[in-house]
Amino acid sequence: VESQLKILIRPMYSNPPIYGARLVATIFEDEKLRANWAEEVKVMADRIIGMRKALTDELKALGSTKDWSHIEKQIGMFCFTGLTKEQVERVKSEFHIYL
């Protein structure tokens, strides 16, 4: 029975572009929804900027002498950390921080 259920539900979850496109169309066709979406995107972007600033401030407060400005200057959800491969492996293995 379980295998049959998996066969039935797989197409529902394996085709997210259709669902996503419908969702985007619904939001962008309605002015209130679009305005709400834009506001939420701005809140998220501002939070990322704030978190990057807080991180660089804390690194400086802890005595780091490295130039971390590249973290604050970047845009988007991802950023270049400036860490070496060995440093990334260390924070992963010792502190369970996955980059």
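Above this text you will find the structure in question.
Residues numbered from 1 in each chain as written. Predicted model: local features only at pLDDT ≥ 70, side-chain atom pairs only at ≥ 80, totals over all residues. Heavy atoms only, no water.

Caption draft 1: Quick look at a nonpolar patch on the surface. On the surface, Val1, Leu5, Leu8, Ile9, Met12 and Tyr13 cluster together into a nonpolar patch covering about 740 Å² of accessible area. One can find Leu8 in helix H1 (residues 2-14). (Patch = residues over 30% accessible without salt bridge, like charges linked within 9 Å, V, L, I, M, F, W, Y side chains within 5 Å. Areas by Shrake-Rupley, 256 points an atom, 1.4 Å probe, with all protein chains shown as cover. Salt bridge = Lys/Arg side-chain N within 4 Å of Asp/Glu carboxyl O. Helix = DSSP H or I, 4+ residues; strand = E, 2+ residues; numbered from the N terminus.)

Caption draft 2: Spotlight on the pattern of salt bridges. Under the criterion given, the structure shown has four salt bridges. Here Glu2 ties to Lys6 by a salt bridge, and the two come within 3.3 Å at their closest N and O atoms. Of the two residues, Glu2 and Lys6 are both situated in helix H1; the distance of four residues between them amounts to about one turn of the helix. Classification of Lys6 by relative accessible area gives partly exposed; the value is 49%. (Buried < 20%, exposed > 50% of the residue type's maximum accessible area, 1.4 Å probe, protein only.)

Caption draft 3: Quick peek at unusual backbone geometry. Phi is positive for His96, which is not a glycine, with a value near 60 degrees. Position of His96 relative to the elements: it lies in the segment after helix H5 (85-95).

Caption draft 4: Spotlight on the packing of aromatic side chains. A complete count under the given rule lists one aromatic pair for this structure. Arranged with centres 5.0 Å apart and planes meeting at 55 degrees, the rings of Phe28 and Trp37 form a pair that is tilted. (Phe/Tyr/Trp six-rings, centres within 6.5 Å; stacked < 30°, edge-to-face > 60°.)

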